[in-house]
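# An overview of the molecular structure
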Amino acid sequence: MPPVVLSKCVVHSSLCMLRAISDCRAILSQTDVLNLLVRNKHHLNQDLLHSTIAQCGLGTIAGGVVTANEVDSARDVFRRMFLKQVHAVAIVNNLGEITGTLSSSDVRGISAATIEDLLLPVSTYLKLRGQHRRGAIAVSSSAKLIDAMFVIRTASVHRCWIVDDHLKPISVVTLSDIISKFSPYDWRHADIVEE
């Protein structure tokens, strides 16, 4: 079988087919993998689980966290996300404290009838999509890896922001980051995987 070429982007879900059952197909998502890890945490490396995010080598972003003020238009924040080539932007208030997240999935549901919502302040845009109930998903810089895993799992999100003592976002930990800590492969540098 020829090698599978992986793109430089992270795969968030995959179609899985069981060879023993030719018509058995399922989508395996990063959330599924996180759920498996949490359910089987007693089988995982306990030193790793109870290490801080920094000790795990996570939560470091070259160039810093991409943020936007909650009064910026949703359109401008989506534009910033595109230009900075990130999947999410931390939404902050005038004090720089995190108040929410705008992610690439928040464009879902835009139609001809709602396109003008993009001109609204991003905080209003997020409220229209029900995100105000969830708020900002964040942990302190001293949080343990297992804490971040539980926060992400409980909130059903793909990332949690790392905040300082003043609730200012200083980094982010994603599902991809967490899963990579339990993988024997350095997926960030993989170009070809032999099957």
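## Section: the overall build of the protein
Across its full length, the protein holds six helices and ten strands. Looking at the protein residue by residue over its 195 residues, the buried ones come to 33%. Pairs at least 24 apart in sequence give 54% of the contacts found in the protein among residues at least 6 apart. Carbon and sulfur atoms provide 56% of the accessible area of the protein, an area that totals close to 12,100 Å².

## A short note on the side chain of S73
Residue position: S73 is located in the loop between β4 (67-69) and α3 (74-84). Under the relative-accessibility criterion, S73 is labelled buried at 12%. Separated by 3.0 Å, the side chain of S73 and the backbone nitrogen of D76 make a polar contact. In contact with S73, not counting residues within four places along its chain, are L118, L119, L120, P121 and V122.

## Here we look at helix α5 (residues 145-155)
Of all the residues in α5, the buried ones are L145, I146, A148, M149 and I152. The arc that holds the buried residues of α5, viewed along the axis, is 160 degrees, so those residues lie on one side. Where the residues of α5 are buried, they touch α1 (30-39), α2 (46-49), β8 (159-163), β9 (169-174) and α6 (175-181). Of the residues one or two after α5, S156 is the one with positive phi, at around 55 degrees.

## Focus: the confidence of the model for the protein
In the predicted model, the protein carries a mean pLDDT of 81, and 78% of its residues have values of at least 70. Between residues 1-9, whose pLDDT stays under 50, and residues either more than four places distant or in other chains, the model counts 13 contacts.

## Looking at the sheet that holds β9
Hydrogen bonds between backbone atoms are what pair the strands of a sheet, whose relative direction is either parallel or antiparallel. A sheet is described by the order of its strands in space; here three strands give the open sequence β7-β8-β9, paired in mixed fashion. With partners counted over all chains shown, the strands left at the sheet margins are β7 (138-140) and β9, one partner each. Pairs of neighbouring strands in the sheet enclose a mean axial angle of 35 degrees, with direction left out of account. Here β8 runs beside β9; their pairing, made up of five bridges, is antiparallel. Note that in β9 the partner of V163 across the bridge is P169. Those strands touched by α5 are β7, β8 and β9, and its axis lies near 130 degrees from that of β8.

## Here we look at the packing of aromatic side chains
Enumeration over the complete set of coordinates arrives at one aromatic pair. Judged by centre distance (5.9 Å) and plane angle (85 degrees), the rings of F78 and Y125 are edge-to-face. Separated by 47 residues along the polypeptide, F78 in helix α3 and Y125 in helix α4 (residues 122-128) bring together distant segments of the chain. If you follow R129 out to its NZ or CZ, it ends over the ring of Y125, 4.0 Å from the centre.

## Digging into unusual backbone geometry
A positive phi angle is found at Q85, which is not glycine, with a value near 55 degrees. Inspection of the secondary structure puts Q85 in the loop between α3 and β5 (88-92). Positive phi, close to 55 degrees, is recorded for S156, a residue that is not glycine. If you trace the backbone, S156 turns up in the loop between α5 and β8. Judged by its relative accessible area of 59%, S156 falls in the exposed class.

Cut-off values and rules
- Residues numbered from 1 in each chain as written.
- Predicted model: local features only at pLDDT ≥ 70, side-chain atom pairs only at ≥ 80, totals over all residues.
- Heavy atoms only, no water.
- Helix = DSSP H or I, 4+ residues; strand = E, 2+ residues; numbered from the N terminus.
- Buried < 20%, exposed > 50% of the residue type's maximum accessible area, 1.4 Å probe, protein only.
- Contact = heavy atoms within 4.5 Å.
- Areas by Shrake-Rupley, 256 points an atom, 1.4 Å probe, with all protein chains shown as cover.
- Polar contact = N/O pair within 3.5 Å; in protein donor to acceptor, adjacent residues only side chain to side chain.
- Arc of directions from axis to C-beta.
- pLDDT = per-residue confidence, 0-100.
- Pairing = 2+ DSSP bridges.
- Axes fitted to C-alpha atoms, helices over the stretch in contact; angles between N-to-C directions.
- Phe/Tyr/Trp six-rings, centres within 6.5 Å; stacked < 30°, edge-to-face > 60°.
- Lys NZ or Arg CZ within 6 Å of the ring centre and 35° of its normal.

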